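So you can see what is in the structure, the chains are spelled out below.
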Amino acid sequence: MGMSLAVRRFTVDEYHRMGEAGILHEDDRVELLDGQIVQMSPIGVRHAACVNRLNALFAGLAGNRATVSVQNPLVLGEYEEPQPDVVVLRYRRDGYQTDHPRPPDTLLVVEVGDTSVASDRLRKIPLYARAGVPEAWLVNLSGDEIEVYQQPSGGHYTRVRTVRRGETLTLLESPAITLSSDDILG
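Residues numbered from 1 in each chain as written. Predicted model: local features only at pLDDT ≥ 70, side-chain atom pairs only at ≥ 80, totals over all residues. Heavy atoms only, no water.

A. Representation of the overall build of the protein chain within the structure. A tally of regular secondary structure across the protein chain gives four helices and ten strands. In sequence order, the protein chain lays out its α and β elements as α-β-β-α-β-β-β-α-β-β-β-β-β-α. Taken over the C-alpha trace, the protein chain has a radius of gyration of 17 Å; the compact-globule value for 186 residues is 16 Å, and the two agree within 12%. Seen through its principal axes, the protein chain has C-alpha atoms that stretch 55 × 45 × 35 Å. Looking at the protein chain as a whole, 44% of its 186 residues are labelled buried. By sequence separation, contacts in the protein chain at least 24 residues apart represent 51% of the contacts at least 6 residues apart. Accessible surface, the protein chain: about 9700 Å² in total, of which carbon and sulfur atoms supply 49%. Mean positive and mean negative side-chain charge positions of the protein chain (19 and 26 charges, respectively) differ by 4 Å. (Helix = DSSP H or I, 4+ residues; strand = E, 2+ residues; numbered from the N terminus. Rg over C-alpha atoms; globule rule 2.2 N^0.38 Å. Buried < 20%, exposed > 50% of the residue type's maximum accessible area, 1.4 Å probe, protein only. Contact = heavy atoms within 4.5 Å. Areas by Shrake-Rupley, 256 points an atom, 1.4 Å probe, with all protein chains shown as cover. Lys, Arg positive; Asp, Glu negative; His and termini not counted. Charge placed at Lys NZ, Arg CZ, Asp CG, Glu CD.)

B. Structural view of the sheet that holds strand β4 (residues 86-90). Taken in spatial order, the six strands line up as β3-β4-β5-β6-β7-β8 in an open sheet, and their pairing is mixed. If you trace the sheet from one side to the other, it starts and ends with β3 (66-70) and β8 (156-163), each paired once. Going from strand to strand, the sheet's axes swing by 15° on average, the running direction of each strand aside. With four bridges joining them, β4 and strand β5 (residues 106-113) adopt antiparallel strand pairing. (Pairing = 2+ DSSP bridges. Axes fitted to C-alpha atoms, helices over the stretch in contact; angles between N-to-C directions.)

As structure tokens, then:
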């Protein structure tokens, strides 16, 4: 009979202390998911272009109604600090200078996936639902579609739909912000 391995999860605070101690560096492409330090996929050209389009689109519409955060940390709980591609946050004049944003600050999380679609769908989207993020979009570049997840309850999203070219998307928490799927997909 084999011994079971003991797994130790890291907290967000410990993760930050690793950075302060020089164990993790600012340019390391890692995030904290379920207490595990996970290597992030490299950013390809299509992925980068989509994130740039999203940033420009949201920034143009958000004004002082929202803050657009690109590839920055979002603290979901004691053991989770992913770095989503784009987060649309409730507007704060200080730009979240005193602490990383958390789920109550969040209007929308967007993950852009080319090679990471399955991982984003199976690992990250459920994290956002469990944390109570009201809406998440998964831009599936290879599928040429956008998966929209809304209304988290019981650790999963109760409303899920797929948006294809020619359709529009409106933020559930900020209906003044509406985007064309064609503009997002490029």
